[in-house]
Every structure is written in C-alpha cells, then in structure tokens.
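Examination of the molecular architecture
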Amino acid sequence: MTAPLSPHLEAAVAQAEATEATPLSRAEALVAIAYDILRKPRSVQDLHDAHALYARAEAWAEAEPLARARAAAGRGVVLRRLPGEGLENLEAARGAFERALAALRVGGDADEVAEIEMNYGLVLHTLANAGLAPMREAIAAYQRALRTFDREAHPREYAILHNNLATAYLSARLPPEREGLREALAVQSFQEALKVVTLERDPVEYAMLQNNLGNALQAVRSARRFENLQRAIAAYDEALKVRRRGAMPVEYANTLANKANALMNLPDDLEHLEAGNPRRLAEAIAMLAEAGDVFREHGLAERAALVDELAADLRREAP
C-alpha cells in the first residue's frame, strides 16, 4: 500500500486542490476518476492509484458523511482486489466497508448499499476461511444484499450471491440442532442461482453450479439418500454438457470423479437393494480410470493417485 500515485494523477490532484471548488466537489471528482480506473485496471499500479484517490477523497469529504462513506467503500473494493498483500488488506477492507455501511444504511441508495454488502460478505467469507471471522457474518451480509438484489431486477448479482451463500453454508458451523441443514441450505442456494444462470447464456458458470449442486446433494444427510444421489448424477450430467475432455479437461475429470462417487453409492435397482450395485461399480471404475488418465496428462499427479486408489478399492469390492 506504499506505492506512490502515478505522476499524471498527482498532477490532477494538485490541480483540483488549486481550484476554488468545495472539498465535497473535489472529493466527488476523485471518486469518479478512481471508479473509472477500477472498472478496467490494466496493472497493479492502477489499483494502487485508485486506492490513493479514494483515500484522498475520503479525507477531503470528512465533513460529508455520505461522500466519505462512498470513498471508503471504493477503497474497500480496491483493498479486496489488491494482490500479494495477504490478510492485512482484507482486514483493512472490512473496516472500510463497515465505516461506509454505517453511513449509507441511513442515507444511501438501496442498490449501492446492497453492492457494498455483497463485497463486505466476500471479505468476511475469505476471512472466515482463514479463521478470522465467523462465517455467519458473511452469510448475513449476503442475505442483506439479497433484499435488494432480487432475481427479476438484478439476475447477475442474485446468482453470484446465491453461489456465495451456498459455499458459505457448506463451510459454516451451525448450532447442533441445525447442523444437518448446512448441505440442504447449500442445495437450495445452488438451485436458486440456476434459475438465473442457463446453459445457453453462461455455459461455464452453469456447469460450475451444476457440479457444485451435485456435490452438495451427495453430502445432504437425508432419509432420501438414493433420490439425492440420482439428482446429483443428473446435475453432473448437466455439467458434462459443457465440461468436455477436449475443451475443459481438468474440470471434466473433476466432474467425472464426482459422478463416479455418486454412482458407487447407488444400487443398480432401488426396488431390489439386495442385488447390490455391480453395474454402477463398473461404471464408476471406468470413470475413475479416465479421470486419472486426464489428471496425469495435465501434471496433476496427486489427484490422479487419489482416483487411482479409489478405483483400486472398488475393483477389490466388485463381485
């Protein structure tokens, strides 16, 4: 965070300081410049420039709570995106978002508050994964954003928030009486995201969501386990419409291995459980063998070894 402001921007700031414009007008001008830079940063220096401009705008707008909050929110976005600074920047981003939200929740626009809540949730989510924040706080921020970013008016944000919510649920620690709901809540959120993200409009995102939905369905603790496994297999098949071996080999292998895991736990005939699942096991072994080959082809020896070991275990179990 010590990188100096680029000379041409330093000159622009100096020029602004020399005018008779009010501090608020100067601050708003810097925020506009920083926002434009942040839309399409071409280098890390661009991010440092945006951060410096937001920081100066925040100082100039000291007597204007809303303008100062908007500058702080922008600074939080930059801090979240800056590479190579570790968790220190995320802690600073959390503080910037919290200061911004304290003012904007009172006098700000609903859309801008929701966007900050979404970014705040992302920061808390990352900090929670590092053990530095409760995951429930990230979940709460995402849920607050969804009060504004609904499916009809804001489909892109709605899908992002539900995907983030699903992954947060899977990582959260819930009270003992609700612990079994984690996977079910994740399934629900993935399904909500898939109401917006379609195979035709966004195939890569669609495949990722379907793959993650399948994983969540496998993890759900429910009396309808076999039904959930069938639903998981259907989700993996949807993902595999996009994740083909030639186009997305590593993603293809990951989804293939996930589907094999579901198949190996599903009976061949749900009406005759005593017959076991030799056919499903054979399918799963073949899929794992192919996934292992793909992982090896792409230098992922550890993943290849894991699926090879699982395939070997299944061969020993096979009748």
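Summary of the structure given here. (Residues numbered from 1 in each chain as written. Predicted model: local features only at pLDDT ≥ 70, side-chain atom pairs only at ≥ 80, totals over all residues. Heavy atoms only, no water.)

**Regarding the pattern of salt bridges**
For the structure on display, the rule yields 21 salt bridges. Across the pair glutamate 192 and lysine 195 runs a salt bridge whose closest N-O atoms are separated by 2.7 Å. Note that glutamate 297 and arginine 245 form a salt bridge whose closest N and O atoms lie 2.7 Å from each other. With a gap of 52 residues between them, glutamate 297 in helix H13 (residues 278-297) and arginine 245 in the loop between helix H11 (225-240) and helix H12 (249-263) connect regions that are remote in the sequence. (Salt bridge = Lys/Arg side-chain N within 4 Å of Asp/Glu carboxyl O. Helix = DSSP H or I, 4+ residues; strand = E, 2+ residues; numbered from the N terminus.)

**What to know about the environment of asparagine 254**
Here asparagine 254 shows up in helix H12. Among the residues examined, asparagine 254 registers a relative accessible area of 26% and is labelled partly exposed. Residues asparagine 254 and alanine 223 lie 31 residues apart in sequence; the distance between their C-alpha atoms is 27 Å. Non-local contacts of asparagine 254, meaning those with residues more than four positions away in its chain, are made with Phe295 and Arg303. (Buried < 20%, exposed > 50% of the residue type's maximum accessible area, 1.4 Å probe, protein only. Contact = heavy atoms within 4.5 Å.)

**Digging into helix H6 (residues 110-129)**
Its 20 residues give H6 an end-to-end C-alpha distance of 28 Å, which sits within 8% of 28 Å, the value for a rise of 1.5 Å per residue. Taking burial as the measure, the 20 residues of H6 include 14 buried ones, the bulk of the element. Regarding H6, its N-cap is aspartate 109, as a side-chain oxygen of that residue lies 2.9 Å from the backbone nitrogen of aspartate 111 further along. Just downstream of H6, glycine 131 is the residue with a positive phi angle, here 80°. (Expected span 1.5 Å × (residues − 1). Polar contact = N/O pair within 3.5 Å; in protein donor to acceptor, adjacent residues only side chain to side chain.)

**Examining the layout of surface pockets**
Considering only enclosed or pocket space, the largest pocket measures out at about 740 Å³ in volume. In terms of lining, the largest pocket is formed by 24 residues, of which the most central are Tyr35, Leu38, Val77, Glu115 and Asn119. Where the lining of the largest pocket is concerned, the elements lending two or more residues are helix H2 (23-39), helix H4 (65-81), H6 and helix H8 (155-171). Among the elements that take part in the lining of the largest pocket, H6 stands out by supplying seven residues, more than any other. Within this model, the second largest pocket holds a volume of roughly 260 Å³. (1 Å grid on protein atoms, 1.4 Å probe; cavity = no way out; pocket = protein on both sides within 12 Å on 5 of 7 lines; lining within 4 Å. Points joined across faces, edges and corners; volume = space filled by probe spheres on them.)

**Points about the packing of helix H1 (residues 7-18) against H2**
Interaxial distance between H1 and H2 falls to 10 Å at its minimum, and their mutual angle equals 160°. As judged from the angle between their axes, H1 and H2 are roughly antiparallel. Of the two elements, H1 crosses H2, and the hand of that crossing is right-handed. Contacts from Leu9, Val13, Ala16 and Glu17 in H1 reach Arg26, Leu30, Ile33 and Ile37 in H2. Broken down by class, the residue content of the contact of H1 with H2 amounts to six nonpolar, no polar and two charged. (Axes fitted to C-alpha atoms, helices over the stretch in contact; angles between N-to-C directions. Parallel < 35°, antiparallel > 145°, perpendicular 65-115°, else oblique. Left-handed = near helix turned anticlockwise from the far one by under 90°. Nonpolar A, V, L, I, M, F, W, Y, C, P; charged D, E, K, R; others polar.)

**Considerations on the side chain of arginine 182**
Relative to the elements of secondary structure, arginine 182 occurs in helix H9 (residues 182-193). A distance of 3.4 Å separates the side chain of arginine 182 from the backbone oxygen of alanine 172, its partner in a polar contact. Filtering out sequence-adjacent residues up to four positions away, arginine 182 remains in contact with Tyr169, Leu170, Ser171, Ala172, Leu174 and Arg221.

**Describing the packing of H4 against helix H5 (residues 87-107)**
The axes of two packed helices give the description: the angle between them and the distance between them. Put simply, H4 and H5 touch, their axes get as near as 8 Å, and they point 150° apart. Between H4 and H5, the angle is such that the two are roughly antiparallel. Two packed elements cross with a definite hand, and for H4 against H5 that hand is left-handed. For the pair formed by H4 and H5, the contact residues are Pro65, Leu66, Ala69, Arg70, Ala72, Ala73, Arg75, Gly76, Val77, Leu79 and Arg80 on the first element and Asn89, Leu90, Ala92, Ala93, Ala96, Phe97, Arg99, Ala100, Ala103, Leu104 and Gly107 on the second.

**Let's talk about the environment of asparagine 211**
Along the chain, asparagine 211 falls in helix H10 (residues 203-219). Assessed through its relative accessible area of 6%, asparagine 211 is described here as buried. Residues asparagine 211 and glutamate 251, 40 residues apart in the sequence, show an inter-C-alpha distance of 9.4 Å. In this view, asparagine 211 contacts Tyr236, Ala239, Arg243, Thr255 and Asn258; residues no more than four positions away in its chain are not counted. Within the structure, the side chain of asparagine 211 is placed 3.0 Å from the side chain of asparagine 258, a separation counted as a polar contact.

**A word on H1**
Counted at 1.5 Å a residue, the expected span for H1 with its 12 residues is 16 Å, and the 17 Å between its end C-alpha atoms agrees. Here H1 has its buried residues at Leu9, Val13 and Ala16. Here the buried residues of H1 occupy an arc of 60° about the axis, which is enough to place them on one side. For H1, the exposed residues set more than 90 degrees away from the buried face come down to Pro7, His8, Gln15 and Ala18. Looking at the buried side of H1, the elements it contacts are H2 and helix H3 (44-60). (Arc of directions from axis to C-beta.)

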